[in-house]
Every structure is written in C-alpha cells, then in structure tokens.
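Working through the structure, step by step
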Amino acid sequence: MRRLLGIALILHGLAHASAGMWATDIGGRGLVTLLWEGASLGFILAGIGLLGSSALHRPWRVLVAIAVICSLALLLLFSHPLFVAGIAADFFFAAVAIWTLKPLTPHTDLRPLPKMMQWLLVAFAGYVALAIVLRPWHSSWGTTRSEQQMTLIGDPPIGDSHYRIDHAITIDAPVDTVWKWLVQIGQDRAGFYSYDWLERIFGAGIHNADTIVVAWQSRNVGDLVHATQSGYLGGIFGDQPGWRVKAIEPGRAMVLEGWGAFVLSPVDANSTRMHIRTRGKGIPTLSGIAITPIALLVFEPAHFIMERGMLKGLKARAERATRRNG
C-alpha cells in the first residue's frame, strides 16, 4: 500500500507540468517556477521516500506538507476548472499524511530499495527539478521581454494562446541574405542547419547545405516543408512528415503550421534580428495532463537544442556569405 501511495505521489508531482505551463502565461515566471518546483519536487521526493529510499522515508510527510502548500497556491492563484481535481488530490494526500502520524497498526519499516534504484530515482527527481528551473530560460532564449510581448505574423488572437516559446538571435548580415538561407530549409532542400549528424542517428535523411541554391528560393502558401523523408519510421508520423506554409511575406516572414513563425527584422543595413515563435492554446486538458510531463522532460529540451542549433547554424552561414561577398 505504501508503494502504491508512493507511485501516486510521484505521478501527482509530474501532473503539475500542465498547471505550471498554464500559469507561466498568466503570472510572473519567478513565482510560478518557485511554486511549481516546490509542488512537483515535494510530491516526487515524498513518493520516492515511500517507495523505499532510506534517506527520504522519514521526512516524507514534511515533503508532502511543503508540496501541498505550493500546489494549492499554484492551483488557486492561477485557477482553471480542471484544477479542482488537483486540489482534491492535494487534500487527499494531506489527509493521508496526517492520518499516518498515528498508525492504527504497529509500525513496520518498509524494506529499502537497492541503492542503485534509490540513486536513479533521486537523479530522476533532480532532472525534473532542473527541467522546471531552466524552462523560463530556454523557452525565451535570446529574446528580450519586449520581443516576447510584441505581436508577430501568425499570432492567434490575444487570450487564445497560453503556450509560448520564443527564440531569437542577431545575425551580422542583411535581411535579404538571411532570407535566402531561411526560405530553403527542409529535409528535401538545405536541411535545418542544426545537428544533422544527430538527426541521422535517429534515421532522418537530413544533410545541411552550405550554399544558396536558386531552385530552393521559392516558397508559397500551402507548400510542405519536409521534416524528414517520406515514410519515416514506417509512416507513424504520416506519409510525408512536415509543416505546411500557413503564411509568407517574402524577405520578411514565414509561418509554418505546427511549428511557428520565422520573422526577420532589420537591426540596421548590415544586421538582422531573427525570431522564431511557437504558439499554442496551452489550455489544461485531461489528455494534456498525461502529455505535458513528457513535453517538459523530453520534447521541449530536445526542441530547444535543435532550434538553437538551427539559429546558430543559419547565423554562421549568413555571416560567412556576407564576409565572402563583402
């Protein structure tokens, strides 16, 4: 029974990813991160204690108390109707912690887990904590506060977007030069200028180009920007994985459905600000509660690594071309 409770506590801690991502758009990032960290880490560590961690078994009730306080503050301050279930779970775990202060049956210590398993569980908790605390940084990498708040092409109406990722970089090259590299992205064209060797490890037939190709300089609304080759991994992502061009302003911006807006703004005649913005509804749902922990721990960090690599790779190519032509 204790181990079942431990698993339930860990899952409840992970489920706060949905609330944390929702609240980030509403409240200050510092406060949200603090409450989210306290709730998720407290529940997860308490769960590990009940699973059989010798170091965390004794203080598990204190950890639950800290987690419940942070969770209730997070869920009540940045409320959504679905959070009622989370609030009910908080009260349940608080009641269980209080009830077990004076067991009705003689107390028997739980057999400790093997040391290696304990260390793996603690390492997992540490990774969750790191993912939460780093999210405000990597979700806005390279951007200023004003850039995060400005309206860009492809933005949904205000209030319809609660999931936000903004990445940007300054490129020492004119806008028209940067555009030539941007418009030819795609698996069947110039690649994505990121870590193509890593993409190939996962079976994607992507090879980055180091030259401008005239035949790749045309894009129209409705075109498919191929993510990888047709039938990738047996077609589990569809026959032709990719993103449709939703809107385009030649020399200025391109919006890819399912990815986001790629916007170029001149800093001066010889430099460009490149901004990639991803927007989504981000509204908590029952299915989202199961998906958002995976997004927090896997998809978002991977997306950040590859998109940052893309920005830096495009910057290097555009600046090299500018120096060569200058």
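One structure accompanies this document, and this report is about it. From a predicted model like this one, the values you see are computed outputs, not experimental measurements.

**Description of the overall build of the protein chain**
- Tallying secondary structure elements over the protein chain gives 9 helices and 6 strands in all.
- Expressed as lengths along the three principal axes of its C-alpha atoms, the size of the protein chain is roughly 80 × 40 × 35 Å.
- Looking at the protein chain as a whole, 49% of its 326 residues qualify as buried.
- For the protein chain, the proportion of contacts with a sequence separation of at least 24, taken over those separated by at least 6, is 73%.
- Carbon and sulfur atoms make up 67% of the accessible area of the protein chain, which amounts to about 16400 Å² in all.
- Both charge centroids of the protein chain, one from 29 positive and one from 22 negative side chains, sit 8 Å from each other.

**What about the side chain of Ser18?**
- With respect to the secondary-structure elements, Ser18 resides in helix H1 (residues 2-26).
- Owing to a relative accessible area of 6%, Ser18 belongs among the buried residues under this scheme.

**Structural notes on the sheet that holds strand E4 (residues 253-256)**
- An order of E1-E6-E5-E4-E3-E2 is seen for the 6 strands of this open sheet, with the pairing classed as antiparallel. On the outer flanks of this sheet lie strand E1 (163-171) and strand E2 (224-226), each paired with one strand and no other. For this sheet, the mean inter-axis angle between neighbouring strands, taken without regard to orientation, is 25 degrees.
- Here E4 runs beside strand E5 (residues 260-268); their pairing, made up of 4 bridges, is antiparallel. Paired with Ala253 across the two strands is Val263, which belongs to E5.
- Against the sheet, helix H7 (residues 175-182) makes contact with E1, strand E3 (242-249), E4, E5 and strand E6 (271-280), and its axis sits at roughly 160 degrees relative to E5, the strand it touches most.

**What to know about the packing of aromatic side chains**
- Taken as a whole and judged by the stated rule, the model has 10 aromatic pairs.
- A centroid spacing of 6.1 Å and a plane angle of 50 degrees characterise the contact between Phe192 and Trp259, whose relative ring orientation is tilted. Here Phe192 is found in the loop between H7 and helix H8 (196-201), whereas its partner Trp259 is found in the loop between E4 and E5, with 67 residues between them in sequence. This pair shows no difference in class: Phe192 is buried, exactly as Trp259 is.
- With centroids separated by 6.2 Å and ring planes inclined at 20 degrees, the aromatic side chains of Tyr232 and Phe237 adopt a geometry described as stacked.
- On the accessibility criterion, Phe237 (54% relative accessible area) is exposed.
- Site record: aromatic cluster; members linked through ring pairs are Phe192, Trp243, Trp259 and Phe262.

**Re the layout of surface pockets**
- If you add up the space inside the largest pocket, you get close to 1500 Å³.
- Along the wall of the largest pocket there are 40 residues; nearest its centre are Ala227, Trp243, Phe299, His303 and Met306.
- Where the lining of the largest pocket is concerned, the elements lending two or more residues are H8, E3, E4, E5, E6 and helix H9 (286-325).
- Counted by class, the lining of the largest pocket contains 24 nonpolar, 9 polar and 7 charged residues.

**Side note on the pattern of salt bridges**
- Counted under the stated rule, the structure contains 8 salt bridges.
- Among the salt bridges present, the one from Glu147 reaches Arg273, with a minimum N-O distance of 2.7 Å. You can see Glu147 sitting in helix H6 (residues 145-149) and its partner Arg273 sitting in strand E6, a full 126 residues away along the chain. You'll find Glu147 and Arg273 in the same group, each marked buried.
- The salt bridge partner of Asp166 is Arg279, with a shortest N-O separation of 3.1 Å.

What counts and how
- Residues numbered from 1 in each chain as written.
- Predicted model: local features only at pLDDT ≥ 70, side-chain atom pairs only at ≥ 80, totals over all residues.
- Heavy atoms only, no water.
- Helix = DSSP H or I, 4+ residues; strand = E, 2+ residues; numbered from the N terminus.
- Buried < 20%, exposed > 50% of the residue type's maximum accessible area, 1.4 Å probe, protein only.
- Contact = heavy atoms within 4.5 Å.
- Areas by Shrake-Rupley, 256 points an atom, 1.4 Å probe, with all protein chains shown as cover.
- Lys, Arg positive; Asp, Glu negative; His and termini not counted.
- Charge placed at Lys NZ, Arg CZ, Asp CG, Glu CD.
- Pairing = 2+ DSSP bridges.
- Axes fitted to C-alpha atoms, helices over the stretch in contact; angles between N-to-C directions.
- Phe/Tyr/Trp six-rings, centres within 6.5 Å; stacked < 30°, edge-to-face > 60°.
- 1 Å grid on protein atoms, 1.4 Å probe; cavity = no way out; pocket = protein on both sides within 12 Å on 5 of 7 lines; lining within 4 Å.
- Points joined across faces, edges and corners; volume = space filled by probe spheres on them.
- Nonpolar A, V, L, I, M, F, W, Y, C, P; charged D, E, K, R; others polar.
- Salt bridge = Lys/Arg side-chain N within 4 Å of Asp/Glu carboxyl O.

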